[in-house]
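Below, each chain spelled out in residue letters.
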Number of protein chains: 2
Amino acid sequence: MEDLLDRINRLLNEKKFGEVKNIVSQENAADLAVLFEELFGENFGERADFMILYRLLPKDLAAETFAHMNTDMRRHLIGMFTDKELRDMLDELYIDDTVDLIEELPANVVSRILKNSTTGERRAINDILRYPRDSAGSIMTIEYVSLHKDMTVSEAFDKIRRVGVNKETIYTCYVTENRKLIGVVTVKDLFIADEDDSISDIMETNIISVNTHEDKELVGNMFQKYNFLALPVVDRDNRLVGIVTFDDAMDVIQEENTEDFSRMAAIAPNEETYFRTGIWKHARSRIGWLLILTISATLTQIITNKYEAAFAAVPLLVSFMPMIMDTGGNCGAQSSTLIIRGIALDEIHFADFFKVVLKEFRISIIVSSVLAVVNGIRIYLMYSQNILLALTIALSIIATVILSKMIGAMLPMLAKRARLDPALMATPLITTIVDCCSLFIYFNIATIIFANII
Amino acid sequence: MEDLLDRINRLLNEKKFGEVKNIVSQENAADLAVLFEELFGENFGERADFMILYRLLPKDLAAETFAHMNTDMRRHLIGMFTDKELRDMLDELYIDDTVDLIEELPANVVSRILKNSTTGERRAINDILRYPRDSAGSIMTIEYVSLHKDMTVSEAFDKIRRVGVNKETIYTCYVTENRKLIGVVTVKDLFIADEDDSISDIMETNIISVNTHEDKELVGNMFQKYNFLALPVVDRDNRLVGIVTFDDAMDVIQEENTEDFSRMAAIAPNEETYFRTGIWKHARSRIGWLLILTISATLTQIITNKYEAAFAAVPLLVSFMPMIMDTGGNCGAQSSTLIIRGIALDEIHFADFFKVVLKEFRISIIVSSVLAVVNGIRIYLMYSQNILLALTIALSIIATVILSKMIGAMLPMLAKRARLDPALMATPLITTIVDCCSLFIYFNIATIIFANII
C-alpha cells in the first residue's frame, strides 16, 4: 500500500492523470476509500487534487468508493458535485447505501439528494427512512429479484440476466403473488433444476422472514443461525417489502458488539471510530456515567463513616478494603458479562431467571471457597498468625463473592425484562452496588469477630 | 415452535412416524437442531425416540441438522451410527464441517470417522487439521468451483451445473493455472457477460486473498471490509488451497467478540454456551484471574498500611477510598475498552501509540476537571465546608483520572506489540494497577494538604 500511495502522489504532482486513472481503476473500492484517507488526511477539503483524483475513477467504482468513505469526505464530495454528478452517483448506489447517506447528512444536502433522485427512488428512500432507527426495515434494501411461480427455470434465468445488474444480490430470488411472499429460490437451486421445471416446483415454501419492525439485533442473530445470504423483510400482511443482505447483517453484528463493549465500560455508544471522534465528544460520552458513579459513591462514604470505630480499633482492616471491593467487583463483572453476552446471542432468556441464579449460586460457592481458603492462609501467614483477621477476610470473601455473583446475574436479566439494554447493567454500575454491599458485610463481620476490641 | 413441539411429541408417542417425517422434512436444519434439544433435553441419550426421529430425516437434512447440533448430541449420534450411516453423513457434510466435528471428538471416534471417509476426503481433512488452530487454513473449505481461463461463459455455466451441487458456494468461482490463483469470477459476472466471452476476459485479476497461516481474526475483518461472499486462501506460492465462506467468517467474528468479552471480564474463554458449560468448568475459568488479582492486592495492602498515620489522624479519608479507586478503575476501563475494540477492528495500530496517548491525555484533562469540580463542591457542602478535604479529593480525582486513562490506553497497545491478546489488559488487571497508583496518590496528596494534622 505504501508504494501505491507514493506512486499516486508523484503522478498527481506530475499531472500524469491518465496513468493515475489506469492504476486506480484496478483497485478495490474499500481499499480506495482508505487510500483517499491516507493521501489527503484531514485536509482533503483544501486539496484540489482530491476532487481530481475522485473524478478520475470510473463511474461505478466512484460510487462504490463513495459508499466506503467517512461522513466528512462524503459530505464534502456532495457539496462539490454538479447536479449531474450527484444524479450519476445515486444511479450507481444501492438504495440502502443512499439511505445510510441521507441519515447522516444535514437537511439542505438531503433535499438536494432527494431532488436529484427519480420518483421511484424517492419513494423507496422515504419508505425506508420511515422505519424505526434500529428496525429491520431501516437496514433493508428494495433491490431484490422477484420471480413468478409459473415461470420456468430458463425464464427465471432470463429475468435474472435482464434485471440482475442493478440488484444487490441475485443469488436468492423471491417468489411473490399479489405482493405476498410465497417462496424462495436460490440460483444454486436454479442451476440444479431442469430448464423446463416451473419455479413453483422447486421453490422453498417454508420461508424464514423477518418483520419490518423487528429489532435489527435479531436480524443479526438470524443470519448467524441460518447462514443466509439474504433475509426477506415482510410487513404485517406478509407482503415482501425488502431484503437484508449478509454484508449489512455483518455490519449490524459488529455495531451491536461495539455498542455493548461501550455500554459495559460506562461509555455512551458512538458510531464513529476512535480517531474520527473529537476529544470533546469523547469526553462527553464518558463523563455522564462517571459523574453518576462518583456521586452514588456517597453511599459507600456513609457506610464507611458508620464503621469508623471498627477501623480506629483495628487499622489493619482499612488495608483490606480494596481487595474485598475489587473481588466483589470482578466477580460481579464475570457473571454480568456472561449473562449479557448470553442474552445478546439469544442463548439466555428471562424465562431462565431462576436456572441462571441457581447456577451462579453453585458456581459462587466453589469460587468463593477457593478464594477464601487461599487468602485466609496467606493472611494468616503474612500477619503474624492473626487468626481473627484471617477469619474476617475469608468470611467476607465468601459472602461478597456469592452476593456479587447473584447481583451480576440478576440485574442484566431484569434490565432485559424492563426493555432496557442489559449492557447498561454491567461492570461500573454493578461495582458501585457491590462496593456498598461488600463493605457493609465486611465491617459487620469484622465488628462481630473483633467484638472484644471494637 | 411450541405447537410444533407438542405435535411431534404426540405423533412420536402415537408412533405415527409417517406424519412426523412429513412435518420435519419441511423444517430448516438450524430449527431442527433446536427442536431436538427442546424435545429431548439432556436425557437424549436414554430416549429411543431420539434416534428414531433423527432417522426419519431425509439424508441431506439429517447431515445439515447434525452440523447444527451441540457436541454431546453429535458424539452420541456418531456412537449410534452404523458404518453406512456414518459414511452417508460424511458424504453430505462439507469438509469444513467434518473438520469442526473431528476437532471436538475423542480419538477413537475420530479414527472411526477417518476410516469411513474416502481417500480424498481423508487427505483434505488432514490438510486442514494441520493448520494452526486460529489460522485461516483451519476454517477454510476445499469445496469451491475452479474454472479455466480459456473456458467460455457457457462452458463455465455447464461446469457449475455439473459440480455445483457439492460445493459450499458456487457464487464465486476461482480461475487457476498450475494451481496458482489467477482470477476470480462471480456468477453475477457470468450472467452479465455474453455466452461466448472467455473467462480470461471477464475475470477480476486484482485478487484479494489471505494466506493459510494468517490469523482468522484478520479474515473476519476482511469480510467486514470487503463484503465478500467468500475469500480465497492461498499458500506461500500463491497456490489456491481453499476458500473461507461468509458464514464461517460470521462465526469467527462472533467467537472473537465473545472471547474478548470474556477476557475483558477476567474469564478464561470457552467455546461452549453458558448453559452447556458445567459449574465446575465455569468455576475453573473464573477462578484463575480472581486468585491472581486477590493476591496482587497485597500491594494495595502495603500502601494502605504505610499511610496508617494519615487516616488515624483524619478518619474521614478512609470513606473516600472507594470513590477514588472506582473512579480510577472506571476511567481506565473506558480507555482500555475503546483501545482494545479499536485494535480488534483494525482501526488502531501500535504505530498510533503516541497519537492515542496524547488524545487520551487531552480527554482526561476535560473529564477530570468536570469530576473534580462537581465532587469538590459536593464534598465542600456535605462536610461542613471542609475546604482541605474538598481540595484533597478534587486533586486526587484529577491525578487518578489522568493516570488511569494513560495506563488504560497504553497497556492494550503494549500487549498487542508483545503479541499478547490486548483484551487480557482489560478492566480487572487495570483496576488492580490503578488501585495501587490512585491510593498512593491520594494518601500523598492528603499527607501534604493535612500536613499540620498528620
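Structure report, in brief. (Residues numbered from 1 in each chain as written. Chains lettered and ligands numbered in written order. Predicted model: local features only at pLDDT ≥ 70, side-chain atom pairs only at ≥ 80, totals over all residues. Heavy atoms only, no water.)

Points about the overall build of chain A
(1) Moving on: Helix and strand counts for chain A stand at 24 helices and six strands.
(2) Moving on: Its C-alpha atoms give chain A a radius of gyration of 30 Å, more than 25% over the compact-globule value 22 Å for 454 residues.
(3) Moving on: With the C-alpha coordinates of chain A rotated into their principal frame, the extents come out at 90 × 60 × 40 Å.
(4) Moving on: Split into buried and exposed, the 454 residues of chain A put 57% on the buried side.
(5) Moving on: When contacts within chain A are restricted to residue pairs at least 6 apart in sequence, long-range pairs at least 24 apart make up 67% of them.
(6) Moving on: For chain A, the accessible area works out to roughly 19300 Å², and carbon and sulfur atoms hold 54% of it.
(7) Moving on: Between the mean site of the 45 positive side-chain charges and the mean site of the 63 negative ones, chain A shows a separation of 4 Å. (Helix = DSSP H or I, 4+ residues; strand = E, 2+ residues; numbered from the N terminus. Rg over C-alpha atoms; globule rule 2.2 N^0.38 Å. Buried < 20%, exposed > 50% of the residue type's maximum accessible area, 1.4 Å probe, protein only. Contact = heavy atoms within 4.5 Å. Areas by Shrake-Rupley, 256 points an atom, 1.4 Å probe, with all protein chains shown as cover. Lys, Arg positive; Asp, Glu negative; His and termini not counted. Charge placed at Lys NZ, Arg CZ, Asp CG, Glu CD.)

A short note on the sheet that holds strand β4 (residues 210–211) of chain B
Remark on secondary structure: sheet strands pair via backbone hydrogen bonds, oriented parallel or antiparallel.
All names here are of chain B.
(1) Moving on: The sheet built from three strands is open, its strands ordered β4-β5-β6 with mixed pairing. Where the open sheet ends on each side, the last strands, each with one partner, are β4 and β6 (240–245).
(2) Moving on: Inspection of the sheet shows strand β5 (residues 230–234) paired to β6 by five bridges, in the antiparallel sense. Each bridged residue has a counterpart across the sheet, and for V234 the counterpart in β6 is L240. (Pairing = 2+ DSSP bridges.)

Notes on helix α15 (residues 216–226) of chain A
In an α-helix, one full turn covers 3.6 residues, which means residues spaced three or four apart are oriented alike.
All names here are of chain A.
(1) Moving on: Among the eleven residues that make up α15, eight are buried, leaving the element largely enclosed by the rest of the structure.
(2) Moving on: Near the N-terminus of α15, the side chain that reaches the backbone nitrogen of E217, with its oxygen 2.9 Å away, is that of D215.
(3) Moving on: Looking one or two places after α15, you find N227, whose phi comes out positive at around 55 degrees. (Polar contact = N/O pair within 3.5 Å; in protein donor to acceptor, adjacent residues only side chain to side chain.)

Things to note about the interface of chain B and chain A
(1) Moving on: Tallying the contact residues gives 115 residues for chain B and 117 residues for chain A.
(2) Moving on: Applying the counting criterion to the chain B and chain A interface returns four salt bridges.
(3) Moving on: Between E360(A) and R286(B) there is a salt bridge, with its nearest N and O atoms 2.8 Å apart.
(4) Moving on: At the boundary of chain B with chain A, the tally comes to 50 residue pairs in polar contact (both at pLDDT 80 or more).
(5) Moving on: The greatest single-element share of the side of chain B that touches chain A, amounting to 19 residues, is contributed by helix α20 (residues 316–344) of chain B. (Salt bridge = Lys/Arg side-chain N within 4 Å of Asp/Glu carboxyl O.)

Some details on the packing of aromatic side chains
(1) Moving on: The full count for this structure, using the stated rule, is 39 aromatic pairs over all chains.
(2) Moving on: Centroid distance F246(A) to F246(B): 4.7 Å. Interplanar angle 50 degrees. Geometry classified as tilted. In this pair, F246(A) is assigned in helix α16 (residues 246–264) and F246(B) in helix α16 (residues 246–264), connecting two distinct chains. Comparing F246(A) with F246(B), the two get one shared label, buried.
(3) Moving on: Look at F157(B) and F191(B): their rings are 5.5 Å apart centre to centre, the planes differ by 55 degrees, and that puts the pair in the tilted class. A residue pair is termed long-range when its members are at least 10 positions apart, and F157(B) in helix α12 (residues 153–163) and F191(B) in helix α13 (residues 187–192) qualify at 34 residues.
(4) Moving on: With a relative accessible area of 5%, F157(B) lands in the buried category.
(5) Moving on: Among the aromatic residues, ring-to-ring pairing joins F36(A), F40(A), F44(A), F50(A), Y54(A), F66(A) and F81(A) into one connected group. (Phe/Tyr/Trp six-rings, centres within 6.5 Å; stacked < 30°, edge-to-face > 60°.)

A short note on the environment of R74(A)
All names here are of chain A.
(1) Moving on: Mapped onto the elements, R74 comes out in helix α6 (residues 71–80).
(2) Moving on: Given a relative accessible area of 8%, R74 falls into the buried group.
(3) Moving on: C-alpha separation for the pair R74 and I170, spaced 96 residues apart in sequence, amounts to 28 Å.
(4) Moving on: Of the polar contacts made by the side chain of R74, one reaches the backbone oxygen of A67; its length is 3.5 Å.

So, the sheet that holds strand β1 (residues 145–147) of chain B
Residue and element names in this part refer to chain B.
(1) Moving on: Ordered by their spatial adjacency, three strands build an open sheet running β1-β2-β3, and the pairing between neighbours is mixed. The strands lining the two open edges of the sheet, one partner per strand, are β1 and β3 (180–186). Here the strands of the sheet are splayed against their neighbours by 40 degrees on average, with no regard to which way each runs.
(2) Moving on: Across six bridges, the pairing between strand β2 (residues 172–177) and β3 is antiparallel. In the strand pairing of β3, Y174 is matched with V184.
(3) Moving on: Of the strands in this sheet, β1 and β2 touch α12, which is tilted by about 155 degrees from β1. (Axes fitted to C-alpha atoms, helices over the stretch in contact; angles between N-to-C directions.)

Considerations on a negative patch on the surface
All names here are of chain A.
(1) Moving on: Side chains of D60, E64, D91 and E92 sit close together on the surface and give a patch of like negative charge.
(2) Moving on: When contributions to the negative patch are tallied by element, the ones reaching two or more residues are α5 (59–68) and α7 (83–92).
(3) Moving on: For D91, the location among the structural elements is in helix α7. (Patch = residues over 30% accessible without salt bridge, like charges linked within 9 Å, V, L, I, M, F, W, Y side chains within 5 Å.)

Brief notes about α12(B)
(1) Moving on: Turning to α12(B), its buried residues are V153(B), A156(B), F157(B), K159(B) and I160(B). End-on view of α12(B): buried residues confined to an arc of 165 degrees, all on one side of the axis.
(2) Moving on: In the core, the buried residues of α12(B) are packed alongside α12 (153–163) and α13 (187–192) of chain A together with β1, β2, α13 and α14 (199–202) of chain B. (Arc of directions from axis to C-beta.)

Considerations on the nonpolar core
(1) Moving on: Core analysis: the largest hydrophobic core is formed by 175 residues, its most contacted members being I8(A), L53(A), Y54(A), I199(A), I8(B), L53(B) and Y54(B).
(2) Moving on: In this structure, F320(A), Y383(A), V401(B) and I441(B) belong to the second largest nonpolar core, which totals 79 residues. (Core = buried A, V, L, I, M, F, W, Y, C linked by side-chain atoms within 4.5 Å.)

Re the relation of the copies chain B and chain A
(1) Moving on: If you rotate chain B by 180 degrees and push it 0.0 Å along the axis, it lands on chain A with an RMSD of 0.1 Å. In short, the pair behaves as if placed about a two-fold rotation axis.
(2) Moving on: The share of interface residues of chain B whose copies in chain A are also at the interface is 100%, consistent with both copies meeting through the same surface. (Least-squares fit on C-alpha atoms with pLDDT ≥ 70 in both.)

Observations concerning the pairing of β5(B)
All names here are of chain B.
(1) Moving on: Burial runs high along β5: five of the five residues are buried.
(2) Moving on: Direction of pairing for β4 relative to β5: parallel, over a ladder of two bridges. Residue pairing for β5: V210 is matched across the bridge by V233.

Concerning the side chain of R378(B)
(1) Moving on: By secondary structure assignment, the location of R378(B) is in helix α21 (residues 353–382).
(2) Moving on: No salt bridge is formed by the buried R378(B), whose closest oppositely charged neighbour, D326(B), lies at an N-O distance of 11 Å.

Brief notes about the side chain of S335(A)
(1) Moving on: Turning to its location among the elements, S335(A) is positioned in helix α21 (residues 321–344).
(2) Moving on: A relative accessible area of 0% means that S335(A) is categorised as buried.
(3) Moving on: There is a polar contact of 3.4 Å between the side chain of S335(A) and the side chain of R286(B).

Topic: a nonpolar patch on the surface
All names here are of chain B.
(1) Moving on: Taken together, the side chains of V373, I377, Y380, L381, I387 and L388 make up a nonpolar region of the molecular surface, amounting to roughly 550 Å² of accessible area.
(2) Moving on: Mapped by element, the contributors of at least two residues to the nonpolar patch are α21 and α22 (387–417).
(3) Moving on: If one sorts the elements of the nonpolar patch by residue count, α21 sits on top with four residues.
(4) Moving on: The residue Y380 is located in helix α21 in this model.
(5) Moving on: For Y380, a relative accessible area of 30% translates into the label partly exposed.

Structural notes on the packing of α16(A) against α16(B)
Think of two packed helices as two axes; the pair is described by the angle between the axes and how far apart they sit.
(1) Moving on: As a packed pair, α16(A) and α16(B) sit with axes 11 Å apart at the nearest point and diverge in direction by 0 degrees. The orientation of α16(A) relative to α16(B) falls into the category roughly parallel. Taken together, the residues of α16(B) that come into contact with α16(A) (itself represented by F246(A), A249(A), M250(A), I253(A), Q254(A), N257(A), D260(A), F261(A) and M264(A)) are F246(B), A249(B), M250(B), I253(B), Q254(B), N257(B), D260(B), F261(B) and M264(B).
(2) Moving on: Tallied by class, residues from the contact of α16(A) with α16(B) come to twelve nonpolar, four polar and two charged. (Parallel < 35°, antiparallel > 145°, perpendicular 65-115°, else oblique. Nonpolar A, V, L, I, M, F, W, Y, C, P; charged D, E, K, R; others polar.)

Quick notes on the pattern of salt bridges
(1) Moving on: With the rule as written, the count across this model stands at 38 salt bridges over all chains.
(2) Moving on: In this structure, R55(B) and E85(B) form a salt bridge, with 2.6 Å as the shortest nitrogen-oxygen distance. In this pair, R55(B) is assigned in helix α4 (residues 48–56) and E85(B) in helix α7 (residues 83–92), connecting sequence segments 30 residues apart.
(3) Moving on: A relative accessible area of 21% places E85(B) in the partly exposed class.
(4) Moving on: Of the charged contacts, one joins E255(B) and K216(B) as a salt bridge, the two residues approaching to 3.1 Å between their closest N and O atoms. Here E255(B) is found in helix α16, whereas its partner K216(B) is found in helix α15 (residues 216–226), with 39 residues between them in sequence.
(5) Moving on: By relative accessible area, which is 34% here, E255(B) ends up partly exposed.
(6) Moving on: For K216(B), a relative accessible area of 7% puts it in the buried group.
(7) Moving on: Beyond isolated ion pairs, a larger network of salt bridges with shared partners links R10(A), E14(A) and K16(A).

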